[in-house]
Structure formats: structure tokens, C-alpha cells
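Notes for the structure review
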Amino acid sequence: MNMIFKAVGRNVWGVGYKRLSRTLILYLVIFWSLRISGLEIKIAPSILYVMAGAFSASMMWQALLSERNGANMENMFMLPFEKRRLAVSYVAALGVYTLFTKTAGLLAVALAVSPQRGTVILGSLLSAGNAVLAAACIYSRKNLRGVMGSLWAGILAAALLFLGESLLILPVLAGSFLMAAILLQNTDPYLFYFQGQKPRQILRHPHEISAFRNKGRSGSIAARCSVWRYLFRYLTAHKNYLANTAALWGVACLLPVLFESIESRFALPVGFAILSINTPLCILLSSDPALEQAIRFLPGQKTAFCIPYGLFLFTCNMTANIIFLCSWKIQMGALAGSALPKAGFFALFSAAGSVSLEWYCPIRKWKIESDLWHHPRKYVVPVVMLLFAGITSVFW
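About the criteria used
- Residues numbered from 1 in each chain as written.
- Predicted model: local features only at pLDDT ≥ 70, side-chain atom pairs only at ≥ 80, totals over all residues.
- Heavy atoms only, no water.
- pLDDT = per-residue confidence, 0-100.
- Helix = DSSP H or I, 4+ residues; strand = E, 2+ residues; numbered from the N terminus.
- Contact = heavy atoms within 4.5 Å.
- Buried < 20%, exposed > 50% of the residue type's maximum accessible area, 1.4 Å probe, protein only.
- Polar contact = N/O pair within 3.5 Å; in protein donor to acceptor, adjacent residues only side chain to side chain.
- Disulfide = S-S within 2.5 Å.
- 1 Å grid on protein atoms, 1.4 Å probe; cavity = no way out; pocket = protein on both sides within 12 Å on 5 of 7 lines; lining within 4 Å.
- Points joined across faces, edges and corners; volume = space filled by probe spheres on them.

Further remarks concern the confidence of the model for the protein. Across the protein, pLDDT averages 79, with 84% of residues at or above 70. Ranking the elements of the protein by mean pLDDT puts helix α10 (residues 206–215) last, at 46, and helix α6 (residues 118–140) first, at 90. This model gives residues 196–224 a pLDDT under 50, and the stretch forms 55 contacts once residues within four places in sequence are excluded.

Structure representation (C-alpha cells):
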């Protein structure tokens, strides 16, 4: 089992645990930096448990959905293996990746600004570990994706919220952890591959590549249409990208409530900057190295691909900004006449910045898609937009 665990884990944390060690050292530096800064925020144990559990479950789910992990599993199936050992090793490797490279960062920040008792720290670790195993169980078993899975998650959430201040939460989490571990012992490893892996019905049809090749330099309508066709097919093949965009629109509806006490000329630009964080749509080239190689190989693609891609991002950003403005109008009332031009300005420049980063500075050497979603580069454009927000709130 140890050899299988190392073989699976090497694909996500690198050879010799180098990535894990570098990440943990970084989190340790962040922890002590925040601790000596004197910043303190009170976080209730129940909230800390929910944060650790929900974050770990979402990160584990993203890791299980990774297409690269699916390809690695396919390679493992070519070798002789014992089903139980492969399933346990696969979940254990992804669980270590999730807990040490994702959850550890969250807990480092939370515990640095809100020191907790040892039992609370233990409960947080149990909550995170339980969430990782529960996510793997629900992912691999169709019968848990409906009522049973929702009931399991609901009972855990209720227990964390209502028993978080009591030591009774520890046996509850331990019991759920044990139940998930038992379920995983009897899980067929093929379920982890076939649940998430479907034939990709995206682009690269011969007539579309021909359109890029023949019409790329002139930026013709045919070439641009093939880019739009690719983008829409990509979204339909990755439903989580659509879910992320819908969640961002939900944030746009809630932002006016958060900015209630701030004057609109300051709040609106900040809201536009926040809504530019649509990570999955801004990493299409980084997430598909084969597509990037094909595009860079064909002539004239800097214009033929980047302009339609930029217009696509502008459309998505502008949609979120308009939802934000409509929500502001409904909840807060008056809007200045410059609000809509500002929305267009921020949508255009954030789209241009995202496309420029993808073309000139694509993300390389990533292991699974979760690394892309949480790469520090995602904050470059929003930070620049926040600087613009400060400028426009004073001069516009």
C-alpha cells in the first residue's frame, strides 16, 4: 500500500515531498507573521469547525474532479493492483494534498489571529479530515449523492454549529470519520475514475482549426466564431466553471448590503474590482496546455484568439457588474450617471489584464486543476483594479 500511496502522491505533491515541505514552511512564516503582528479576531469554535470542514470538502472535491488525476488513475489501472489498497491509497494521497497544501493555510491564518485551546485545534483537524473522507465517499457512491449525502452533510453541519462549544463534538466527528473510512474500504477504485471522467466534447474539430489557420491573420468572423464556439463548449463541458460564475453573480447581489455604509462613488469601483475575480474563466490557456500549444503554433493567433477571448471575459465581467448595479439600485436607491461607464471601464480593463496574463505569463508546472484555481496570480488583476478603484473614486 505504501508504494501505491507514493506513486499516486508523487503526481500531486512532487518527487521527494518537496512541494509539501515548501508549502508548510510558507504557512509557518504566515502564521508567525500574523501572530507577532498582534492582530486578533474572535472566532467561535463552531465557526472554525465549519470553516475547516467546508473548505476541506470543497478542495477535496476539486482534486477528485481533476482531469489529470483521471489520466494518472488510468495508468494505474494498467498495472496489477488490489482494489481496496488502490482506493485507500488514492484517497489518502489526495487527502494529504488537500490537508497539507490547502487546509493548513486556512488553519494557519485562523489560529494565528484567533488562538484556540488544544481541544479546539483537535476538533478542527478532525472536522477537516472527516470532510475529506466524506467528500470521497459521496463522490464515489451515487447512492450518497442524493438524499443520504445531503442528510449526512446536514447532520454534520448541525452538530458543528450546535455542539461546537462542547466536547461532545469530538466523538461525533470521530464517529463520522470512522464510518467514512469503513465505506472507503469497500469502494471500487474504478468509481473514482468513471464518476468524473467524461469524453470531452470541446473544439479542435478539423474545420475549426482550418478556420484558425486560414483566417487567423485577418481576424475574420469565421476565426472569431470558432473561438466563441470553443469557449461555450468548454463551459458546457466544465459545469463547475458555470457554477463559479453563478456564485459570483450571487456575490454581486449581496455586495450592496456589505457596502451599505460606504458612499457609492467609493463602493462601486471596489465592487467592480472584487467581481473581476472569476478565476476559472481567466485560466483557460493555463488549464489546457494542448490548446495553448496549438494556438501558439498557428499563425496570427495573438489577434485571432485573444480578441474574442477578451470580449468573452468582458461580457462575463460586464454581466456581473450590471447585476451589481441593479442590486444596488433596488436596495440602496440612487445611482450616479457615471456608474454604467465605470462598470464598462472596469470590465474592459480587467478582461484585458486577464487575457494579457494568460498570453504572456501562463501558469506552468501545475499538478492538478485546484493549483490553478488558487494560484497567487489570480489576485494580480483584482489588486490592480483596486488601485484603479481608488483613483476613479477621487477623480471620476
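Mapped onto the elements of the fold, R377 is located in the loop between α19 (369–373) and α20 (380–395). Classification of R377 as buried rests on a relative accessible area of 14%. For R377, the side chain forms a polar contact with the side chain of E358, separated by 2.7 Å. What R377 contacts, discounting residues up to four positions off in sequence, is C282, I283, S286, L357, E358, C361, P362 and I363.

We now examine the state of the cysteines. In the structure shown here, the tally under the stated rule is zero disulfides. As a non-bridged cysteine, C316 has C282 as the owner of its nearest cysteine sulfur, 8.7 Å distant. Under the relative-accessibility criterion, C316 is labelled buried at 13%. The cysteine C326 is free of any disulfide, with C253 supplying the nearest cysteine sulfur at 9.0 Å.

The method is simple in principle: a probe with the dimensions of a water molecule rolls over the atoms, and the space it marks as empty is what remains. Applying the stated criterion across every chain, the model contains three cavities of 30 Å³ or more. By volume, the largest cavity amounts to about 150 Å³. Lining the largest cavity are 15 residues, and of these T279, C282, S354, R377 and K378 sit closest to its centre.

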